[in-house]
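Single-letter residue listing:
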Amino acid sequence: MAFKLNGVVPWGRNFGEYRDMFRLTEDDLKKKLAGFGDGPACFNREFTERGGSVISFDPIYQFTREDIERRINEVRVEVMEQTRRNRDNYVWMKIKSPEELENLRMSAMKRFLDDYDKGRAEGRYVYHELPDRLPFEDDHFDTGLSSHFLLMYTSLGYDFHIASMTEMLRVCKEIRVFPIVDLDAEKTELIGSVIDYFRKDFRVDIVSTDYEFQKGDNKMLIIGKER
Ligand SMILES: C[S@@+](CC[C@H](N)C(=O)[O-])C[C@H]1O[C@@H](n2cnc3c(N)ncnc32)[C@H](O)[C@@H]1O
């Protein structure tokens, strides 16, 4: 089935948020990173500006800057309405109000949009849809990141998750997934079955992080090749 932009909710985070979600250290920042489902996050831009190496993959990168910008403006009102309605599900500590959240997200996505054409030309934004095969050899990347995509959209199902993570683990020595709760901030059965599947052949850890915005979503899953 063709991927449709009007079925996507593009909503992007920044470098500081990725660093906190994934506990990226100074050493990690020297590694070769891949971001899966990075969408309109400005992590790629800001990490690249710091001299880092990262390639972002997302099906929305088949569309033009104008198309993505239009879709961001379409979903903005609805996402913010939902956030206000479910205000109690969030921790308003680092981000103090829905207004601050909206400004943070819109400025992150603007930074992404302003970098998009340049980043595409440099091969930093690559059109790719999980779980398709990636155009990279085994272990090309040190670490693959998935922020607010895998394990969140649980309706994609067990098979989708196993196939996607297997392909990510082919091209990455390690993958990190944040958060490990679904869209309703509920811990899902999926996490247990995914861990059981990968534990046979990989090192699997659940690690607390410095980032908590949805209540309870302060943990990430790490699956690595080195035991
Ligand atoms: C909620 S956004 C998260 C964006 C970014 N990772 C962040 O945290 O700021 C989810 C992203 O997953 C992407 N996505 C949807 N289906 C995908 C697939 N099959 N493979 C890779 N990415 C996908 C969407 O296009 C969207 O950009």
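We now turn to the structure provided with this report. Not measured: the values here are computed from a predicted model.

A separate point is the site of the ligand. Near the ligand you find 21 residues, and of these Arg 13, Gly 37, Asp 58, Leu 130 and Ser 147 are the closest. Contact between the ligand and Asp 58: an oxygen atom at 2.7 Å from a side-chain N or O atom of the residue. A distance of 2.9 Å is found between a nitrogen atom of the ligand and a backbone nitrogen or oxygen belonging to Leu 130. In the complex, 93% of the free accessible area of the ligand, which totals 610 Å², lies under the protein chains. When atoms are counted within 2 Å of each cavity's grid points, the one that captures over half of the ligand is the largest pocket. Residue classes in the shell around the ligand are distributed as twelve nonpolar, five polar and four charged.

Let's shift gears to the pattern of salt bridges. Think of it this way: side chains of opposite charge can pair up when their charged atoms draw near. Counted according to the given criterion, the structure contains 29 salt bridges. Linking Asp 142 and Lys 173 is a salt bridge whose minimum nitrogen-to-oxygen distance equals 3.0 Å. One end of the pair, Asp 142, is in strand 4 (residues 141-147); the other, Lys 173, is in strand 5 (residues 172-178), with 31 residues separating them in the sequence. Given the relative accessible area of 22%, Asp 142 is considered partly exposed. One continuous salt-bridge network, built from bridges that share partners, spans Asp 28, Lys 31, Glu 174, Arg 176, Arg 203 and Asp 205.

This part takes up the sheet that holds strand 2 (residues 53-58). For sheets, the rule is that strands pair by backbone hydrogen bonds, running either parallel or antiparallel. Taken in spatial order, the seven strands line up as 3-2-1-4-5-7-6 in an open sheet, and their pairing is mixed. Lying at the two open borders of the sheet, with one neighbouring strand each, are strand 3 (125-127) and strand 6 (203-208). Each neighbouring strand pair of the sheet contributes to a mean axis angle of 20°, computed without reference to strand direction. Direction of pairing for strand 5 relative to strand 7 (residues 219-224): antiparallel, over a ladder of four bridges. Counterpart to Ile 175 in the pairing with strand 7 is Ile 223.

Our focus in this paragraph is helix 5 (residues 157-171). The terminal C-alpha atoms of helix 5, which comprises 15 residues, lie 22 Å apart, in line with the 21 Å expected from a rise of 1.5 Å per residue. In terms of residue burial, helix 5 counts as a mostly covered element, since eleven of its 15 residues are buried. Gly 157, Phe 160, His 161, Ile 162, Ser 164, Met 165, Glu 167, Met 168, Leu 169, Arg 170 and Val 171 are the residues of helix 5 that are buried. Structurally, helix 5 contributes buried residues whose contacts are with strand 1 (32-36), strand 4, strand 5, helix 6 (189-199) and strand 7.

In this section: helix 3 (residues 65-85). Since the α-helix advances by 3.6 residues per turn, residues separated by three or four positions end up pointing in the same direction. If you check helix 3, its first and last C-alpha atoms are 30 Å apart, about what 21 residues at 1.5 Å a residue would give, namely 30 Å. Val 75 marks where helix 3 bends most, by close to 35°. Three or more residues of helix 3 are buried, namely Ile 68, Arg 71, Ile 72, Val 75, Val 79, Met 80 and Thr 83.

Moving on, we come to the packing of aromatic side chains. Aromatic rings in a pair are described by how distant their centres are and how their planes are angled relative to each other. Inspection of every chain in the model, using the stated rule, returns 23 aromatic pairs. On the numbers, 5.6 Å between centres and 85° between planes, the contact of Phe 178 with Tyr 211 is edge-to-face. Linking Phe 178 in strand 5 with Tyr 211 in the loop between strand 6 and strand 7, this pair joins segments that are 33 residues apart in sequence. Taking relative accessible area as the criterion, Tyr 211 reaches 8% and is therefore assigned buried.

What counts and what doesn't
Residues numbered from 1 in each chain as written. Predicted model: local features only at pLDDT ≥ 70, side-chain atom pairs only at ≥ 80, totals over all residues. Heavy atoms only, no water. Near = heavy atom within 4 Å. Polar contact = N/O pair within 3.5 Å; in protein donor to acceptor, adjacent residues only side chain to side chain. Areas by Shrake-Rupley, 256 points an atom, 1.4 Å probe, with all protein chains shown as cover. 1 Å grid on protein atoms, 1.4 Å probe; cavity = no way out; pocket = protein on both sides within 12 Å on 5 of 7 lines; lining within 4 Å. Sits in = over half its atoms within 2 Å of the grid points. Nonpolar A, V, L, I, M, F, W, Y, C, P; charged D, E, K, R; others polar. Salt bridge = Lys/Arg side-chain N within 4 Å of Asp/Glu carboxyl O. Helix = DSSP H or I, 4+ residues; strand = E, 2+ residues; numbered from the N terminus. Buried < 20%, exposed > 50% of the residue type's maximum accessible area, 1.4 Å probe, protein only. Pairing = 2+ DSSP bridges. Axes fitted to C-alpha atoms, helices over the stretch in contact; angles between N-to-C directions. Expected span 1.5 Å × (residues − 1). Contact = heavy atoms within 4.5 Å. Bend = angle between axes of the 7 residues up to and from the residue. Phe/Tyr/Trp six-rings, centres within 6.5 Å; stacked < 30°, edge-to-face > 60°.

In short, shape yes, function no, at least from these values alone.
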